[in-house]
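Here's the letter readout for the chains.
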Amino acid sequence: MDFTLDEAQEELRGLAAGLLGREAAPARLDAHERSGEPYDAGLWRALARAGLLGAVLPEEAGGAGLGPVELAVILREVGAHVAPVPVQQSLVAAMTVAGYGSAAQRRALAPLAEGGLVLSAAPRGPARPRGARGVPGTAGTAPGTMGTASGTAGTADGPGAVTARRTPGGGWVLDGRTGAVPYAAQADRVLVPAALDGGAGLFMVGPGAAELRAVPLPSGEPGAVLVLDGAPAEPVGPDGGGGGEALRGLRRLATAGAVATASGVLAGALALTTGYIGTRRQFGRALAEFQAVTVQIADVYIAGRALDVALWSAVWRLAEGPPEEAEADLAVGAFTAAGAGLKALYTCQHLHGGIGLDVTYPLHRHFAWARHQAHLLGGAEARLDEIGALAG
């Protein structure tokens, strides 16, 4: 099957790569880190002006109405340039609302196209209805992970669980605490999975309705746990999430977004490493001329190609539907990103020698981002379990 980008998608990729190459150069990233700001506001505005933030928004919100493939195109370039902006979180949340939310919720996404809105999502949600115990076939995930696309991972009873309940007036409130939410303090809305009687749902809350407890993220981005105590919430989809469809949609898109970002991170690290071993000389020869080095960089290339095949197959299936058919490819992509993909970053670091650990050299950002995406995906072993469950 040919997953070559079409002309419009290739133009989108070129636009994103060109803008990020100019606006997210290593010197700019260094300056941002010294500033202490949560994200690069100038880069965020530049992405909005270029139409990249509005590309996947629905037309009724002023967007181009593009889909999962284009989402992956954009996020892969964001990952390749380790750009410190909440693109991954905002676009995944926006596409979830666009696909499952009400007409008013879709229209409310319009400010994102202009860079006037930041969205995020809690990466952990319930595995079973509130009050259920011992449901066969469920698997736990590490705190702060997004769970699986099919919704079989995580727990509604653990310390990271959130429950939803109706108020006498017919509204909804949430109780409990989330996992670590990237850009929670900066987000205008956060999507929060929650257990409810008879199922699970997806809700929007404003950070002002929750207590925020800041937590460090491996990527260096800001994060926080949301502690919810009767926090007012707005359901995404009818009746608290339409029987869990919105939640399953979020998990699929979040997995696709993390895999796409991880693919870009690895591609960026591979480019740095091939440049380094091609110019660094030892014993009168470039490092790339040594067979042991060549074999190792080839392994990195193969891991990247394997990750890309799973990524493009998954987002193509998400775009063409039905979305359930994408879950096997998403699981393979997540397993590769958290396993062979992360291992490839270790190889890149090894081939750089001591400079690979130097925070004044840009490779450390790729390594940190790769670890963060692997954590979001729940780790290789959990994703391998998911593949086994899907195959069975």
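Everything numeric in this text was worked out from a predicted model, so none of it was measured.

### Considering the overall build of the chain
(1) Moving on: What the chain contains, in helices and strands, is twelve helices and nine strands.
(2) Moving on: Within the chain, the fraction of its 392 residues that count as buried is 56%.
(3) Moving on: Of the roughly 15,900 Å² of accessible surface on the chain, a fraction of 55% belongs to carbon and sulfur atoms.

### Digging into helix α9 (residues 291-320)
(1) Moving on: Taking 1.5 Å per residue as the helical rise, α9 with its 30 residues ought to reach 44 Å, and the 43 Å between its terminal C-alpha atoms agrees with that figure.
(2) Moving on: G321 sits one or two residues past α9 and shows a positive phi near 70°.

### Some remarks on the packing of helix α5 (residues 87-100) against helix α8 (residues 245-279)
(1) Moving on: In the contact formed by α5 and α8, the axes pass within 9 Å of each other and the chain directions differ by 150°. Overall, the two elements α5 and α8 adopt an arrangement that is roughly antiparallel. Judged by the sense of rotation from one axis to the other, the crossing of α5 with α8 is right-handed. Residues Q88, V92, M95, T96 and Y100 of α5 pack against E245, A246, G249, L250, R252, L253, A254, G257, A258 and T261 of α8.
(2) Moving on: Grouping the constituent residues of the contact of α5 with α8 by class yields eight nonpolar, five polar and two charged.

### Observations concerning the nonpolar core
(1) Moving on: Membership of the largest hydrophobic core comes to 113 residues, with the highest contact counts inside it found for L47, V87, L174, L191, V192 and L226.
(2) Moving on: By residue number, the principal contributor to this core is α8, which donates 16 residues.
(3) Moving on: If sequence neighbours within four positions are ignored, L191 has contacts with A93, T96, V97, S120, A121, A122, L202, F203, M204, V236 and L250.

### Comments concerning the layout of surface pockets
(1) Moving on: Counted as a void, the largest pocket has a volume near 290 Å³.
(2) Moving on: Lining the largest pocket are 17 residues; nearest its centre among them are H32, E33, P84, S219 and G220.
(3) Moving on: Listing elements by their share of the lining of the largest pocket, those giving two or more residues are α2 (26-35) and α11 (363-376).
(4) Moving on: Here the lining of the largest pocket takes four residues from α11, the largest share from any one element.

### Examining the packing of aromatic side chains
(1) Moving on: Scanning all chains against the criterion turns up four aromatic pairs.
(2) Moving on: Between the aromatic rings of Y39 and W44, the centroid separation amounts to 5.9 Å while the plane-to-plane angle is 65°, which identifies the pairing as edge-to-face.
(3) Moving on: Exposure remark for Y39: the relative accessible area of 19% places this residue in the buried category.
(4) Moving on: When the centroid spacing of 5.2 Å and the interplanar angle of 55° are considered together, the rings of W172 and F203 count as tilted. On the criterion of sequence distance, the pair formed by W172 in strand β3 (residues 172-182) and F203 in strand β5 (residues 199-205) is long-range, its members being 31 residues apart.
(5) Moving on: Since its relative accessible area comes to 11%, W172 is described here as buried.
(6) Moving on: Classification of F203 as buried rests on a relative accessible area of 0%.
(7) Moving on: Among the aromatic residues, those joined into a ring-pair cluster are Y39, W44 and Y183.
(8) Moving on: The ring centre of F290 lies 4.6 Å from the NZ or CZ of R285, which sits over that ring.

### Quick word on the pattern of salt bridges
(1) Moving on: What the rule picks out here adds up to 16 salt bridges.
(2) Moving on: Among the ionic pairs, D40 bridges to R28, the shortest N-O distance being 2.9 Å. In this pair, D40 sits in the loop between α2 and α3 (41-49) while R28 sits in helix α2, placing the two residues twelve residues apart along the sequence.
(3) Moving on: By relative accessible area, which is 9% here, D40 ends up buried.
(4) Moving on: We note a salt bridge from R165 to D175, for which the minimum N-O separation is 2.7 Å.

### Notes on the environment of G341
(1) Moving on: Structurally, the position occupied by G341 is in helix α10 (residues 327-351).
(2) Moving on: Residue G341 is classed as buried on the basis of its relative accessible area, which comes to 5%.
(3) Moving on: Note: C-alpha distance between G341 and S263 (78 residues apart in sequence) is 7.9 Å.

### A closer look at the pairing of strand β2 (residues 162-166)
(1) Moving on: Where β2 lies against β3, five bridges are found, and the strand directions are antiparallel. Following the sheet pairing, R165 is matched in β3 by V173.
(2) Moving on: Between β2 and β3, which pair antiparallel and follow one another directly, the connecting turn spans five residues, one of which, G170, has a positive phi of 95°.

### Here we look at the side chain of Q9
(1) Moving on: The residue Q9 is located in helix α1 (residues 7-23) in this model.
(2) Moving on: Apart from residues lying up to four places away in sequence, Q9 is in contact with V69, E70 and V73.

### Observations concerning the confidence of the model for the chain
(1) Moving on: This prediction gives the chain a mean pLDDT of 90; 89% of its residues lie at or above 70.
(2) Moving on: A low-confidence stretch, residues 127-144 stays under pLDDT 50, and its non-local contacts, those more than four residues away or across chains, total 45 contacts.
(3) Moving on: Considering only residues more than four positions removed or in separate chains, one finds that residues 148-160, a stretch of pLDDT under 50, has 51 contacts.

### Notes on the packing of α9 against α10
(1) Moving on: Packing of α9 against α10 brings their axes to within 9 Å, and their N-to-C directions diverge by 155°. Classified by the angle their axes make, α9 and α10 are roughly antiparallel. Crossing angle aside, the handedness with which α9 passes α10 is left-handed. Packed against α9, whose contacting residues are V293, Q296, I297, V300, A303, A306, L307, A310, S313, A314 and R317, the element α10 presents D329, L330, V332, G333, T336, A337, A340, A344, T347, C348, H350 and L351 at the interface.
(2) Moving on: Counted by class, the contact of α9 with α10 contains 15 nonpolar, six polar and two charged residues.

Each value, and the rule that gives it
- Residues numbered from 1 in each chain as written.
- Predicted model: local features only at pLDDT ≥ 70, side-chain atom pairs only at ≥ 80, totals over all residues.
- Heavy atoms only, no water.
- Helix = DSSP H or I, 4+ residues; strand = E, 2+ residues; numbered from the N terminus.
- Buried < 20%, exposed > 50% of the residue type's maximum accessible area, 1.4 Å probe, protein only.
- Areas by Shrake-Rupley, 256 points an atom, 1.4 Å probe, with all protein chains shown as cover.
- Expected span 1.5 Å × (residues − 1).
- Axes fitted to C-alpha atoms, helices over the stretch in contact; angles between N-to-C directions.
- Parallel < 35°, antiparallel > 145°, perpendicular 65-115°, else oblique.
- Left-handed = near helix turned anticlockwise from the far one by under 90°.
- Contact = heavy atoms within 4.5 Å.
- Nonpolar A, V, L, I, M, F, W, Y, C, P; charged D, E, K, R; others polar.
- Core = buried A, V, L, I, M, F, W, Y, C linked by side-chain atoms within 4.5 Å.
- 1 Å grid on protein atoms, 1.4 Å probe; cavity = no way out; pocket = protein on both sides within 12 Å on 5 of 7 lines; lining within 4 Å.
- Points joined across faces, edges and corners; volume = space filled by probe spheres on them.
- Phe/Tyr/Trp six-rings, centres within 6.5 Å; stacked < 30°, edge-to-face > 60°.
- Lys NZ or Arg CZ within 6 Å of the ring centre and 35° of its normal.
- Salt bridge = Lys/Arg side-chain N within 4 Å of Asp/Glu carboxyl O.
- Pairing = 2+ DSSP bridges.
- pLDDT = per-residue confidence, 0-100.

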